[in-house]
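Examination of the molecular architecture
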Amino acid sequence: MPSITSLTDPTAIAELDGPPSASTLTPGAIARQAPDLHLVVPGEGEKCAARCSVWWRETPAYQDHTVGLVGHYAAAEANAGRAVLERACRRLAEAGCTGAIGPMDGATWHPYRFVTERGDRPPFVLEPWHPPTYPGHFRDAGFEPLARYVSSVGADFGDGHTPSIADSPPLEDGHVRSLALDRFGEELRRLHGLVTASFADNFLYTPLPEADFVALHRPYRSVVEPECVRLLEQQQGDGTRLVGVAFMVPDVLRSKTTSSLSLGAQSETTSSPPLRAQSETTSSPQAECGEAVDTAVLKTLAVHPDLMGQGLGRWLTEHVHQRAQMRGYRRVIHALMHEDNVSRRLGHGEILRRYTLFRRDLS
């Protein structure tokens, strides 16, 4: 059995030189995600052969289990990966956990899930990515699928899809507008209130304080196109309340930030992907080839729970599709939706990618 060391300092964890990971392994991201322990299988020289973090405090609820989380996973080969995962599960059991869930970097606000069916399309912007062997490492360590997710083509204008919606949302005193970049902090605080209300019953949900939400999403300012973020508001007396959002980004990494950009998506149909920046050296294949960016990614669709069942999710989806077409995009990807999510019916095209979240019984 390989020797395994443990770390708790975010800077020391981030400075490890090891295999590629789907996680955002910067000191700031690790500090926000706050793992209880980081486990390392040493490799040759200064490199590590395998690594992962574990969380046993303030973890999400799942049935009647005491949940532990395994995230920040990376391994150069299967034996080292199995060793660090076995130690992780043993440590979680010692902490009183009866089930381990992973990969998840502390919460669904941060990177989680493995790509388990890659398809032919290269990774799109903000999509978590990792070596294809990692899901097998988890299976070999006794993990089984807990939940499955998909990304699909939501609209392909080259195939003849033309958005067709009413000019106004089906909401009394409702209106839609673009994101105001000059008031970005204020916009994020309002979004926090909306997604907190929308996420309350979400699978494996844990709350995120407003200040952490704002800090997590502040790097978006250099990525988004304001016209691609549609905010649905409802008049209330002398003011308005935010009741819906469709958050779309171009399929190109225009910012060199490595911060985690998590904004879960929930509509009346519940979808909860994290938005995450890729590494500093990663850009979209189109950008690398000097091609015009012709694809946008719909990462967030949320409607206030008070207004579920009124068709607002569908209206917002078609509205943002219309905006994408007007701005010259050829297609829109709907990213990281739960496979049982009703929002999958809001798209118009084929599945591009499948993802899996795993669980292992510790009792």
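Below: a short report on this structure. Here the structure is a predicted model, which means the values were calculated and not measured.

1. Thoughts on the overall build of the protein chain
A tally of regular secondary structure across the protein chain gives 8 helices and 13 strands. By the burial criterion, 56% of the 363 residues in the protein chain qualify as buried. Approximately 14,600 Å² of the protein chain is accessible, and the part contributed by carbon and sulfur atoms is 45%.

2. A short note on the nonpolar core
Ranked by internal contacts, the top residues of the largest apolar core, which has 46 residues, are Ile101, Trp109, Val249 and Leu357. Per-element tally for this core: the top contributor is helix H5 (residues 184-199), with 6 residues. Residues within four places of isoleucine 101 in sequence aside, it is in contact with Tyr62, Val67, Gly68, Leu69, Val70, Leu146, Leu204, Leu357, Phe358 and Arg359. Formed by 28 residues, the second largest nonpolar core is a distinct cluster that contains Tyr73, Ala74, Ala88 and Tyr134.

3. Considerations on the side chain of threonine 356
Structurally, threonine 356 is set in strand S13 (residues 351-361). The buried category is assigned to threonine 356, whose relative accessible area is 3%. At 2.8 Å, the side chain of threonine 356 and the side chain of threonine 116 are in polar contact. Residues in contact with threonine 356, not counting those within four places in the same chain, are Pro103, Arg113, Phe114, Thr116, Pro145, Ala147 and Arg148.

4. A word on the side chain of histidine 130
For histidine 130, the position within the fold is in the loop between strand S6 (114-117) and helix H4 (134-140). Judged by its relative accessible area of 4%, histidine 130 falls in the buried class. Side-chain polar atoms of histidine 130 contact the backbone nitrogen of valine 115, separated by 2.8 Å. Setting aside chain neighbours within four positions, we find histidine 130 in contact with Ala22, Phe114, Val115, Arg118 and Pro135.

5. Re the pairing of strand S9 (residues 229-236)
Of all 8 residues making up S9, 6 are buried, and the element is well covered by its neighbours. Inspection of the sheet shows strand S8 (residues 174-178) paired to S9 by 5 bridges, in the antiparallel sense. Bridge assignment links histidine 175 to a residue of S9, and that residue is glutamate 233. Across 8 bridges, the pairing between S9 and strand S10 (residues 239-250) is antiparallel.

6. Remarks on the packing of aromatic side chains
A ring pair, where both rings are aromatic, is described by two values, the distance of the centres and the angle of the planes. By the definition in use, this model includes 15 aromatic pairs. Between the aromatic rings of tyrosine 73 and phenylalanine 114, the centroid separation amounts to 6.4 Å while the plane-to-plane angle is 75°, which identifies the pairing as edge-to-face. Here phenylalanine 114 lies in strand S6 and tyrosine 73 lies in strand S4 (residues 67-75), a separation of 41 residues in the sequence. Judged on exposure class, the residue tyrosine 73 and its partner phenylalanine 114 are both buried. Each ring, one from tyrosine 73 and one from phenylalanine 138, has its centre 5.2 Å from the other, and the planes form 90°; the classification is edge-to-face. Placement of the pair is tyrosine 73 in strand S4 and phenylalanine 138 in helix H4, with a sequence separation of 65 residues. For the residue pair tyrosine 73 and phenylalanine 138, the accessibility class agrees, reading buried in each case. One aromatic cluster is present, built from ring pairs that chain together Tyr73, Phe114, Tyr134, Phe138, Phe143 and Phe358. A cation over an aromatic ring shows up here: arginine 113 above the ring of tyrosine 112, its NZ or CZ 3.8 Å from the ring centre. Geometry around tyrosine 149 places arginine 113 over its ring, the cationic atom sitting 4.5 Å from the centre.

7. Some points on the pattern of salt bridges
In the structure shown here, the tally under the stated rule is 17 salt bridges. For arginine 323, the salt bridge identified is with glutamate 227, shortest N-O distance 2.5 Å. Remark: glutamate 227 occurs in the loop between helix H6 (210-217) and S9 and arginine 323 occurs in helix H8 (residues 312-326); sequence separation between them is 96 residues. On the basis of relative accessible area, glutamate 227 is assigned to the partly exposed category, the value being 27%. Its salt-bridge partner being aspartate 306, residue arginine 241 comes within 3.5 Å of it at the nearest N-O pair.

8. Things to note about empty space enclosed by the protein
In this approach the atoms are scanned with a rolling probe the size of a water molecule, which exposes any empty space left behind. Tallied over the entire structure, the rule returns 2 cavities of 30 Å³ or more. The volume enclosed by the second largest cavity comes to roughly 90 Å³. Lining of the second largest cavity is provided by 14 residues; of these, Ala22, Ser23, Pro103, Arg113 and Phe114 occupy positions nearest its centre. Grouping the amino acids of the lining of the second largest cavity by side-chain chemistry returns 8 nonpolar, 4 polar and 2 charged.

9. Looking at the packing of H5 against H6
The geometry of H5 relative to H6 is characterised by a closest axis approach of 9 Å and an angle of 125° between their N-to-C directions. By the angle between their axes, H5 is oblique relative to H6. The interaxial crossing formed by H5 with H6 has right-handed handedness. In this structure, H5 uses Phe184, Leu188, Arg189, Leu191, His192 and Val195 to contact H6, whose residues at the interface are Glu210, Phe213, Val214 and His217.

10. Quick look at the environment of arginine 189
Turning to its location among the elements, arginine 189 is positioned in helix H5. C-alpha separation for the pair arginine 189 and glutamate 210, spaced 21 residues apart in sequence, amounts to 6.6 Å.

Criteria and cut-off values
Residues numbered from 1 in each chain as written. Predicted model: local features only at pLDDT ≥ 70, side-chain atom pairs only at ≥ 80, totals over all residues. Heavy atoms only, no water. Helix = DSSP H or I, 4+ residues; strand = E, 2+ residues; numbered from the N terminus. Buried < 20%, exposed > 50% of the residue type's maximum accessible area, 1.4 Å probe, protein only. Areas by Shrake-Rupley, 256 points an atom, 1.4 Å probe, with all protein chains shown as cover. Core = buried A, V, L, I, M, F, W, Y, C linked by side-chain atoms within 4.5 Å. Contact = heavy atoms within 4.5 Å. Polar contact = N/O pair within 3.5 Å; in protein donor to acceptor, adjacent residues only side chain to side chain. Pairing = 2+ DSSP bridges. Phe/Tyr/Trp six-rings, centres within 6.5 Å; stacked < 30°, edge-to-face > 60°. Lys NZ or Arg CZ within 6 Å of the ring centre and 35° of its normal. Salt bridge = Lys/Arg side-chain N within 4 Å of Asp/Glu carboxyl O. 1 Å grid on protein atoms, 1.4 Å probe; cavity = no way out; pocket = protein on both sides within 12 Å on 5 of 7 lines; lining within 4 Å. Points joined across faces, edges and corners; volume = space filled by probe spheres on them. Nonpolar A, V, L, I, M, F, W, Y, C, P; charged D, E, K, R; others polar. Axes fitted to C-alpha atoms, helices over the stretch in contact; angles between N-to-C directions. Parallel < 35°, antiparallel > 145°, perpendicular 65-115°, else oblique. Left-handed = near helix turned anticlockwise from the far one by under 90°.

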